[in-house]
Number of protein chains: 2
Amino acid sequence: MSREIKTLKTVAEMRAYGTERPLGLVPTLGYLHEGHLSLIRRAREECATVVVSVFVNPLQFGPGEDLARYPRDLERDRELAREAGADAVFIPETAELYPEGYTTEVRVRGIEDVLEGAARPGHFAGVATVLAKLLNIVGPDRIYMGQKDAQQSFLVGRMIQDLNFPTRLVVAPTVREPDGLAMSSRNVYMNEEERAAAAAIPRALSVARDTKSKAPEVLEQTVREEVAKEPLVQLEYVFAMDDATLGPVGPKTGEVLLSVAARVGKTRLIDNVVVGRE
Amino acid sequence: MSREIKTLKTVAEMRAYGTERPLGLVPTLGYLHEGHLSLIRRAREECATVVVSVFVNPLQFGPGEDLARYPRDLERDRELAREAGADAVFIPETAELYPEGYTTEVRVRGIEDVLEGAARPGHFAGVATVLAKLLNIVGPDRIYMGQKDAQQSFLVGRMIQDLNFPTRLVVAPTVREPDGLAMSSRNVYMNEEERAAAAAIPRALSVARDTKSKAPEVLEQTVREEVAKEPLVQLEYVFAMDDATLGPVGPKTGEVLLSVAARVGKTRLIDNVVVGRE
C-alpha cells in the first residue's frame, strides 16, 4: 500500500479525525511486530477506518518492571502500521492522558487477581483504565487484541460488556516465530542463546496439548517437565483454567486455557494455548 | 407540553432510539421532585433530545441502607418528566445492567473516601460505575446533575475528565422548599414534626455562610451550634473543604464547600452551600 498514514498526537486531534465507519482500533505499546501487524491487517479487512494507538502506558508497569527500557521506535512503527493498512496512528503524551489530579481507576475484580494479575499487582487496573480511556477517545466500533495476552483480552471483553462500551472485541490468534515462540516486543531483550532456549516455552505448551488431556494437573505437570529440560528457562507459573471464565476447570468446562509465564535471563515472557479448541 | 414521552426499557432500545444532537441526559433514582425537574427543564433549553434515566442503582446503597424502601412511582415520574420536557425515560432492569458475572468497578480514588464516601463505604464506586455505564449506553453530549449532591457531581466530573468521556457535565443549583430544605426524594420519609425540624439544616448552612468567614473551624462550629438548637436533628458530619479540589481549605482556596449530613428521625439528609460564590 502506498497511501499516507496520519499521525494524531492529542486527544483533540484524535476526536476531530474524520472517520468513516466502522472504525477499528488496534491498541499497542508500540515496537510493532508481526502479531500487531496481523491485527492491523484483520482490522483493514473489516473496517472502513483503522487506527493504531501507540502508548507505553505507565499505569500497567509495576515498580522494577521494564517501563524505562521498553523498546520504542515510532518511525518504524508508523511505517509498519502504514504498510499493514492503518489510516492513522494515535500517539498521545503521558501528560495528556494522566494530567495532575488524575485519580480514576477501572478495576475488573476477580480476573485481575489471577495469573498475570497475581504476578504483576496493579497491572490490570492499568490496562483496564487506559483501555477505557482509549475507547472513549477513539470511539471504535471494533477493538483488535491478540490471544497471546489471553487474560488481557478476557479482561477487556469483560470490561466492555460490564460498562456497556458500544465496541466489539475481536481476539486474533497468536502469531509465532518459525520455532514457535510467540511474537512479543520483549523478544528483542534476549541474546542469541536465550532466544534459542525460549522456544522451550511454546514447545512445552504444545506437548501438553498433545496429551489430549484436559486435566489441569496433567497439563501443568507436562509443562513443568518440558520446561525443566531447558536450563536457561525458569518457569514462573503454569495454570490450566476454564477458558470461558478464567476460573477453575470443572465439569462444565469446555475449552481449557493453559497459560505460562517464564523468565529467560532477565526477559519475562508469557504464552498460552487453548486445549480442546479445534 | 402536550407531546408524548417515549419509554425505553432495554439497553438495545436505548441505543436504537433515534436522537437528534445535542443529547442531554438527566440521571435519576426516580421519584422525581422539583430538583430533577429543574435539571430536565435546563436540558430541554440546551439540547435537541432529553433523556431521563430512572434506575435505583443497588451498587450505591450499602447494607442496612434504604434500597428496599426507596420511594418508587414510575407512572408519576414519566408524567412529571414529560411535563418538564423530556423526550424519553430510560428505565433499565437491574438484571440487565448487572448480569451474572458482572465484576467491573470504576473508582475515583481520594474523592470517594471523604464526606459521603467515608459515611457510606462503597457508595461512590457504585455511583461512578453506574454513571460510566449510563454514559456508554445513552451517549449524551451533556449530563445534568444537581449541586445538592456536590460530591457526587464532583466525582462524576473527575471521572468524565479522567476517562475521557465525550460528555460535558452541567451542575445546576440546589432547588429548595420554601423553608430552605433541599429537595430530596428522601424528604417523604419524614413525618410532619421531623419535616419542620429539618429546616434547621439549611438554616445552619445559611447562618454559617453569613459569617462571611472562610475559616473551616468557624464555618463548621457555626453549623454545629445552629443544628444543636433543633433537638430532632442529629448532625452526622460537617466539613468545610476546598470546592475546587475537595481537599483541605488552604491559602489557594477560592470557594469553600460547606457540607453536612444529618439524621432527622430515621431519615438521613445531606446539604451544602458554597461559601465565597456570588
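Residues numbered from 1 in each chain as written. Chains lettered and ligands numbered in written order. Predicted model: local features only at pLDDT ≥ 70, side-chain atom pairs only at ≥ 80, totals over all residues. Heavy atoms only, no water.

Q: Explain the domain arrangement of chain A to me, please; I cannot follow it from the model alone.
A: A common way to express how large an interface is: the accessible area buried when the components associate. Residues and elements named next belong to chain A. Partitioning chain A into structural domains gives domain 1 (6-172) and domain 2 (185-276). With centres defined by C-alpha atoms, the gap from domain 1 to domain 2 works out at 25 Å. For the salt bridge of Glu116 with Arg268, the shortest nitrogen-to-oxygen distance reads 2.7 Å. Put simply, domain 1 and domain 2 have eight residue pairs in polar contact (both at pLDDT 80 or more) between them. Of all elements in the fold, only helix H5 (116-119) and helix H7 (150-162) reach the threshold of two or more residues within the side of domain 1 that touches domain 2. The greatest single-element share of the side of domain 1 that touches domain 2, amounting to three residues, is contributed by H7. Classifying every residue of the side of domain 1 that touches domain 2 gives ten nonpolar, five polar and six charged. (Domains from an automatic or database assignment. Salt bridge = Lys/Arg side-chain N within 4 Å of Asp/Glu carboxyl O. Polar contact = N/O pair within 3.5 Å; in protein donor to acceptor, adjacent residues only side chain to side chain. Helix = DSSP H or I, 4+ residues; strand = E, 2+ residues; numbered from the N terminus. Nonpolar A, V, L, I, M, F, W, Y, C, P; charged D, E, K, R; others polar.)

Q: Looking at this structure, I do not really get empty space enclosed by the protein. What am I missing?
A: Residue and element names in this part refer to chain B. For the coordinates displayed, the defined rule picks out one cavity of 30 Å³ or more. As a volume, the largest cavity reaches approximately 50 Å³. For the lining of the largest cavity, the secondary structure elements donating two or more residues are helix H9 (200-210) and strand E10 (267-275). Residue contributions to the lining of the largest cavity peak at three residues, all from E10. (1 Å grid on protein atoms, 1.4 Å probe; cavity = no way out; pocket = protein on both sides within 12 Å on 5 of 7 lines; lining within 4 Å. Points joined across faces, edges and corners; volume = space filled by probe spheres on them.)

Q: Please explain the relation of the copies chain B and chain A as it appears in this structure.
A: The operation linking the two copies of the chain is a rotation about an axis combined with a translation along the axis. Turning chain B through 180° and shifting it by 0.0 Å along the axis lays it on chain A, with an RMSD of 0.0 Å. Taken together, the rotation and translation relating the two chain copies correspond to the operation of a two-fold axis. Looking at the rotation axis and the C-alpha trace of chain B, the residue lying nearest is Val106 of chain B, at 2.3 Å. Mapped onto chain A, 100% of the interface residues of chain B are again interface residues, and the two copies thus contact each other with one and the same surface. (Least-squares fit on C-alpha atoms with pLDDT ≥ 70 in both. Contact = heavy atoms within 4.5 Å.)

Q: Looking at this model, I keep getting lost on the sheet that holds strand E8 (residues 233-242) of chain A. Mind explaining?
A: By way of backbone hydrogen bonds, the strands of a sheet pair with one another, either parallel or antiparallel. Residue and element names in this part refer to chain A. Pairing in this open sheet of three strands is antiparallel, and the strands run E8-E9-E10 from one edge to the other. A single partner strand is all that each edge strand has here, and the edge strands are E8 and strand E10 (267-275). Averaged over all adjacent pairs, the angle separating strand axes in this sheet is 15°, with direction ignored. Pairing between E8 and strand E9 (residues 256-264): nine bridges, direction antiparallel. Bridging across to E9, Tyr237 finds its partner in Ala261. On the sheet, helix H9 (residues 200-210) packs against E8, E9 and E10 and is oriented at approximately 20° with respect to E10. (Pairing = 2+ DSSP bridges. Axes fitted to C-alpha atoms, helices over the stretch in contact; angles between N-to-C directions.)

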